[in-house]
Amino acid sequence: AFGLYFPRKEYSENVYIDQPAGTPLLRIHALRDSHGEVAHFHLCQNLIISRARSHENHWFQIREKTGLLYLSKSLDREDFNMLSVGNWITLSKVMLYVFLSPHPFQEKECDSAMRTTVFLSLINATAPACSSLTARQLCFTEMDLSFHIKENKPPGTFHQLQLPSVHHLCQNLSISYKLLAAEGMPFRYAENTTGVSVTQRLDREERERYELIAKCTVREGFREMQVEVPFLVNVLDEDDSPPFLPNGTDTADAVVEFNRKEGTVLATLTVYDADTTPIYPLESSRKKYTGTIITDDPWISETFRVEHIFDEIHFSPNGSQVRGTQHEY
């Protein structure tokens, strides 16, 4: 078991000068490896300003049980100058690590193996007026809506469409969402929370990628704006299916004639693996399956060898393409 995991490798958000303490910035989600797990989030109290520098975090905090990242202290211009290392710039990027555990975190515990990265763009200006923002800015962040969900794991909520910072700032606007998906897709949108959930265990060997559309409608008086963006879910493999023979034959007859040149192919055997794709470096894939001649005759061992080549192939269960590997011996 791998335990709880993040459906995204990284998150990003903008932070403006003088946004008040308590302003929600973004919500981070976790998915379970097994039933009964409860996610706990923890923020390490260091901001990474550059690879060589870090600074103690006085401005950001996360709610341990909900994953809501928020401003615990207003960021003023003096703070911005300090975090931008004294450079006269309009934008400074800092990085935070959010850690995940099925148990409550102990104070200053920052060595959990499971973490995700949050990139914050500190903007040397006050937050723009809601009326000046486009529908795209009001509805979605600059992040791609792309997620990774492990196969064979319990269902759960993995994203919230509503932007906490915009919802907090622009309460006079009506912003609503829809998730457009083909019938039968294993995802659900909850209008009351704007949360998107996977509703059943996924099987990568049945489908490796789901392509949906997130649609947002912004209403201000009689004015209405709409925007749509791709919403992609990739299914991560668990290596849970055995390799198989394409025609059920696990034996190949080899006829050896005299005067065959070195390198002559005498027999071939093909094995398919729907679970994995060729891994680089290639030696990693080569070691997974080995070909061996079983013999006590040293002359046979010296005269014949098994060569192993493999390539990526595509299977098409239920009309969708799934990657796999074809091994030839």
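The chain is annotated in an unreviewed UniProt entry as RET kinase of Fregata magnificens. Taken directly from UniProt, the Subcellular location (unreviewed entry) text for the chain runs: "Membrane".

### Side note on the state of the cysteines
Per the stated rule, a full pass over the model turns up two disulfides. Cys130 shares a disulfide with Cys170; S-S distance 1.9 Å. Where Cys130 bonds to Cys170 through sulfur, the torsion about that S-S bond is close to -90 degrees, and the disulfide is left-handed. Here Cys170 lies in the loop between helix H3 (164–169) and strand S12 (174–180) and Cys130 lies in the loop between strand S9 (115–126) and helix H2 (135–139), a separation of 40 residues in the sequence.

### Quick notes on the pairing of strand S18 (residues 309–315)
Sheet analysis places S18 next to strand S19 (residues 322–328), joined by seven bridges and oriented antiparallel. From the neighbouring strand, Phe315 faces S19, where its bridge partner is Val322. If you look at the hairpin formed by S18 and S19, you'll find six residues sitting between the two strands, and Asn318 has a positive phi there, around 55 degrees.

### Some remarks on the sheet that holds S12
Spatial ordering of the open sheet is given by S10-S16-S15-S12, a layout of four strands whose pairing is mixed. In this open sheet, the two edge strands, each paired with only one partner strand, are strand S10 (145–150) and S12. Neighbour-to-neighbour, the strand axes of this sheet turn through a mean angle of 25 degrees, independent of strand direction. Bridge count between S10 and strand S16 (residues 223–236): six bridges; the pairing is parallel. In the sheet register, Ile149 faces S16, and the bridge partner there is Val235.

### Details of the UniProt feature "domain: Cadherin" (unreviewed entry) in the chain
With numbering aligned to this structure, UniProt lists the feature "domain: Cadherin" (unreviewed entry) at residues 141–245. Helix makes up 6% of residues 141–245 and strand 50%, whereas the separation of the span's terminal C-alpha atoms amounts to 47 Å.

### A word on the environment of Ala254
In this structure, Ala254 sits in the loop between S16 and strand S17 (270–273). Considered as a pair, Ala254 and Leu266 are twelve residues apart in the sequence and their alpha carbons are 5.4 Å apart. Aside from chain neighbours lying at most four places away, what touches Ala254 is Leu266 and Ala267.

### Here we look at the pairing of S16
With twelve bridges connecting them, strand S15 (residues 209–220) and S16 associate as antiparallel partners. In the strand pairing of S16, Glu211 is matched with Leu232. Where S15 hands over to S16, the hairpin turn is made up of two residues, of which Gly221 adopts a positive phi near 65 degrees.

### With respect to the packing of aromatic side chains
To describe a pair of aromatic rings, one takes the distance between the centres and the angle between the planes. Within the structure shown, the criterion is met by eleven aromatic pairs. With centroids separated by 5.9 Å and ring planes inclined at 70 degrees, the aromatic side chains of Phe140 and Tyr177 adopt a geometry described as edge-to-face. Of this pair, Phe140 sits in the loop between H2 and S10 while Tyr177 sits in strand S12; the two residues are 37 residues apart in sequence, bridging distant segments of the chain. Take Phe140: its relative accessible area is 5%, and that puts it in the buried class. Measuring from centroid to centroid gives 5.0 Å for Phe147 and Phe231, while their planes differ by 35 degrees, and the two rings are tilted. Taken together, the residues Phe147 in strand S10 and Phe231 in strand S16 connect sequence positions 84 residues apart.

### Section: the side chain of Asp273
Tracing the backbone through its elements, the reader meets Asp273 in strand S17. At a separation of 2.9 Å, a polar atom in the side chain of Asp273 contacts the main-chain amide nitrogen of Asp275. Only 2.7 Å separates the side chain of Asp273 from the side chain of Tyr289, close enough to count as a polar contact. Apart from residues no more than four positions distant in its own chain, Asp273 is found in contact with Ser241, Pro243, Lys288, Tyr289, Phe315, Gly324, Thr325 and His327.

### Considerations on the domain arrangement of the chain
Each domain of the chain was delimited in the assignment, giving domain 1 (1–127), domain 2 (128–237) and domain 3 (239–328). Taking the mean C-alpha position of each, domain 2 and domain 3 sit 43 Å from one another. Opposite the eight residues of domain 2 that make contact, domain 3 presents twelve residues. In total, about 810 Å² of surface goes out of reach between domain 2 and domain 3, with carbon and sulfur atoms giving 29% of it. Looking only at domain 2, the three residues that lose the most surface to domain 3 are Glu205, Glu206 and Glu208, adding up to 57% of its buried area. Taken together, domain 2 and domain 3 are joined by one salt bridge. A salt bridge links Glu208 to Arg323, with the nearest nitrogen and oxygen atoms 2.6 Å apart. Counting across the interface, domain 2 meets domain 3 through eight residue pairs in polar contact (both at pLDDT 80 or more).

### Some details on the nonpolar core
Ranked by internal contacts, the top residues of the largest apolar core, which has 35 residues, are Phe140, Ile149, Phe158, Leu161, Phe187 and Phe231. Secondary-structure elements contributing two or more residues to this core are H2, S10, S12, strand S13 (187–190), strand S14 (195–198), S15 and S16. Here Phe140 is in contact with Leu145, Leu161, Leu163, Tyr177, Ala214, Cys216, Val227 and Val229, once residues within four sequence places are set aside. The next biggest cluster of nonpolar side chains, apart from the first, holds 30 residues, and it includes Tyr11, Phe41, Ile49 and Leu100.

Rules used throughout
Every chain's residues receive numbers from 1 upward, in the order its sequence appears when written. Predicted model: local features are reported for residues with pLDDT of at least 70 only, side-chain atom pairs are reported and counted for 80 or more only, and whole-chain, interface and lining totals are derived from all residues. Note: side-chain values were computed over all heavy atoms of the structure, leaving out hydrogens and water. UniProt positions are given in the numbering used here, feature names are shortened, and annotations may be inferred rather than shown by experiment. We call a pair of cysteine sulfur atoms a disulfide when they lie within 2.5 Å. Think of it this way: any DSSP run of H or I at least four residues long counts as a helix, any run of E at least two long counts as a strand, and we number them from the N terminus. DSSP bridges decide pairing: two strands pair if at least two such bridges lie between them. The axes are straight lines fitted to the C-alpha atoms, using for helices just the contacting stretch, and the angles between their N-to-C directions are given from 0 to 180°. Residue contacts are defined here by distance: any two heavy atoms, one from each residue, within 4.5 Å place the two residues in contact. The aromatic pairing rule takes the rings of Phe, Tyr and Trp, using the six-membered ring of Trp, and pairs them if the centres are within 6.5 Å, calling planes under 30 degrees apart stacked, those over 60 edge-to-face and the rest tilted. Under the scheme applied here, a residue whose accessible area is under 20% of the maximum for its type counts as buried, over 50% as exposed, and between as partly exposed, the area being computed with a 1.4 Å probe on protein chains only. Polar contacts, as used here, are pairs of N or O atoms within 3.5 Å; protein pairs need one atom able to donate a hydrogen and one able to accept it. Residues neighboring in sequence count only if both atoms are side-chain atoms. Either an automatic procedure or a domain database provided the assignment from which the domain bounds are taken. Buried surface area refers to the total accessible area, computed with a probe of radius 1.4 Å, that the two partners give up upon joining, counted for both partners together. Any Lys or Arg side-chain nitrogen located within 4 Å of an Asp or Glu carboxyl oxygen qualifies as a salt bridge. By nonpolar core is meant a set of buried Ala, Val, Leu, Ile, Met, Phe, Trp, Tyr and Cys residues that side-chain atoms within 4.5 Å join together.

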